[in-house]
Amino acid sequence: MTRQLAHSSARPISIQRLLLGCGVVAGPFYVIVALAQAFTRQGFDLARHPWSFLANGELGWIQTANFLLTALATIAAAVGLRRALAPGRGARWAPILLGAFGASMIGAAIFPADPAMGFPAGTPEGPGVVTLTGTLHMAAGGVGFLCMVAGCYVIASRQAREGRTGWALYSRVTGTLFLGSFVGIASGGGVTWANLLFVAGIVAIWSWLSLLSLDLSRHAA
């Protein structure tokens, strides 16, 4: 009987840690795959082109797969987050917001960004033609980014109540940086500072999710 109880109590924790592990690896996987393409795809310029452009061209399927796999890992992390935070502040909304961000990446994969600004190679310079697909891509991304920003603030509120002031500050700063980078890319597409700020925001938000998932996984252990 004791052995059965130990086995049944250990099983949910192992599943929870597995789900949170998806959150640990989601960011590094996405960033590494995207940067590998950014440095090897002909005509791509990190200072001018958003990573979404990588879904265009003959090798665009790589970034599309990157979106989808990272989205599934993020949604799995949201389920793990729900288990790790319950009960308490943020246990409901933080996972919903993170899951919405993951769902937005699926939308971004289904509806790729419009080619523009000379990428893929052979595309004319300039903003290019805005299609319905490109518009849906931007809409999905916008909703997802705002949900992730809100998720940072919800988690920060939870951490502040628990007395984890350092973590709370880190979550708020990350959310604010990500929001600023999104506003910058939305208002100044093609401008060097806006693109580089957006890259910094992406790296920051994925690093935050990885560290948060790792921290919650350790507590689950």
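Structural notes, computed from the coordinates.

Analysis parameters
- Residues numbered from 1 in each chain as written.
- Predicted model: local features only at pLDDT ≥ 70, side-chain atom pairs only at ≥ 80, totals over all residues.
- Heavy atoms only, no water.
- Helix = DSSP H or I, 4+ residues; strand = E, 2+ residues; numbered from the N terminus.
- Rg over C-alpha atoms; globule rule 2.2 N^0.38 Å.
- Buried < 20%, exposed > 50% of the residue type's maximum accessible area, 1.4 Å probe, protein only.
- Contact = heavy atoms within 4.5 Å.
- Lys, Arg positive; Asp, Glu negative; His and termini not counted.
- Charge placed at Lys NZ, Arg CZ, Asp CG, Glu CD.
- Axes fitted to C-alpha atoms, helices over the stretch in contact; angles between N-to-C directions.
- Parallel < 35°, antiparallel > 145°, perpendicular 65-115°, else oblique.
- Nonpolar A, V, L, I, M, F, W, Y, C, P; charged D, E, K, R; others polar.
- Patch = residues over 30% accessible without salt bridge, like charges linked within 9 Å, V, L, I, M, F, W, Y side chains within 5 Å.
- Areas by Shrake-Rupley, 256 points an atom, 1.4 Å probe, with all protein chains shown as cover.
- Salt bridge = Lys/Arg side-chain N within 4 Å of Asp/Glu carboxyl O.
- Expected span 1.5 Å × (residues − 1).
- Left-handed = near helix turned anticlockwise from the far one by under 90°.
- Core = buried A, V, L, I, M, F, W, Y, C linked by side-chain atoms within 4.5 Å.
- Disulfide = S-S within 2.5 Å.

### Quick look at the overall build of the chain
Along the backbone of the chain there are six helices and zero strands. If you list the helices and strands of the chain from N to C, you get α-α-α-α-α-α. Scaling as 2.2 N^0.38, a compact globule of 221 residues should have a C-alpha radius of gyration of about 17 Å, and the chain matches this with 19 Å. Buried positions account for 48% of the 221 residues belonging to the chain. Pairs at least 24 apart in sequence give 68% of the contacts found in the chain among residues at least 6 apart. Computed over 14 positive and 6 negative side-chain charges, the separation of the two mean positions in the chain equals 23 Å.

### Let's talk about the packing of helix α2 (residues 60-85) against helix α3 (residues 93-110)
To describe two helices that pack against each other, one gives the angle between their axes and the distance between the axes. Where α2 contacts α3, the two axes come as close as 8 Å, and the packing angle between them is 170°. Regarding the angle of α2 to α3, the classification is roughly antiparallel. Together, T64, F67, L68, T70, A71, T74, I75, A77, A78, L81, R82 and L85 of α2 and A94, P95, L98, G99, F101, G102, A103, M105, I106, A108 and A109 of α3 make up the contact between the two elements. Its residues assigned to classes, the contact of α2 with α3 shows 17 nonpolar, five polar and one charged.

### Brief notes about unusual backbone geometry
Put simply, A86 and P87 share a cis peptide bond, and its omega is -10°. Residue placement: P87 occurs in the loop between α2 and α3. With a phi angle near 55°, M117 is a residue other than glycine that sits in the positive phi range. On the secondary structure map, M117 appears in the loop between α3 and α4 (132-161). Take M117: its relative accessible area is 15%, and that puts it in the buried class.

### Structural notes on a nonpolar patch on the surface
Where nonpolar side chains cluster on the molecular surface, the patch consists of I110, F111, L132 and L136 and spans about 370 Å² of accessible area. Within the secondary structure, I110 is located in helix α3.

### Some remarks on α4
Between its first and last C-alpha atoms α4 spans 44 Å; for 30 residues at 1.5 Å apiece the expected length is 44 Å, and the two agree. G163 sits one or two positions beyond α4 and adopts a positive phi of about 85°.

### Concerning the packing of α3 against α4
At a closest axis distance of 8 Å, the pairing of α3 and α4 adopts a crossing angle of 160°. Between α3 and α4, the angle falls in the class roughly antiparallel. Viewed along their axes, α3 and α4 form a crossing whose handedness is left-handed. Here A94, L97, L98, A100, F101, S104, G107 and A108 of α3 lie close against α4, whose contacting residues are H137, A140, G144, F145, C147, M148, A150, G151, V154 and I155. Here the contact of α3 with α4 is composed, by residue class, of 13 nonpolar, five polar and no charged.

### Comments concerning the nonpolar core
Grouped together as the largest cluster of nonpolar side chains are 47 residues, with contacts concentrated most on Y30, F44, W51, L81, M148, W206 and W208. Per-element accounting of this core gives the leading share, nine residues, to helix α6 (residues 192-220). With sequence-adjacent residues up to four places away left out, M148 is seen in contact with L98, F101, F178, I205, W208 and L209.

### A short note on the state of the cysteines
For the structure shown, the criterion picks out zero disulfides. Distance from the sulfur of C22, which forms no disulfide, to the nearest cysteine sulfur (C152) is 19 Å. Its relative accessible area of 23% is what places C22 among the partly exposed residues. Free cysteine C152: the closest other cysteine sulfur is in C147, separated by 12 Å.

### Remarks on the pattern of salt bridges
Inspection of the entire model under this criterion finds three salt bridges. The partner of E125 in a salt bridge is R48, with the nearest N and O atoms 2.7 Å apart. Taken together, the residues E125 in the loop between α3 and α4 and R48 in the loop between α1 (2-38) and α2 connect sequence positions 77 residues apart. Taking the relative accessible area as the measure of exposure, R48 reaches 25% and is therefore partly exposed. With its nearest N and O atoms 2.9 Å apart, the salt bridge here joins D215 to R164. Within this pair, whereas D215 is found in helix α6, its partner R164 is found in the loop between α4 and α5 (165-187), the two being separated by 51 residues in sequence. Accessibility expressed as a relative area gives 24% for R164, which makes it partly exposed.

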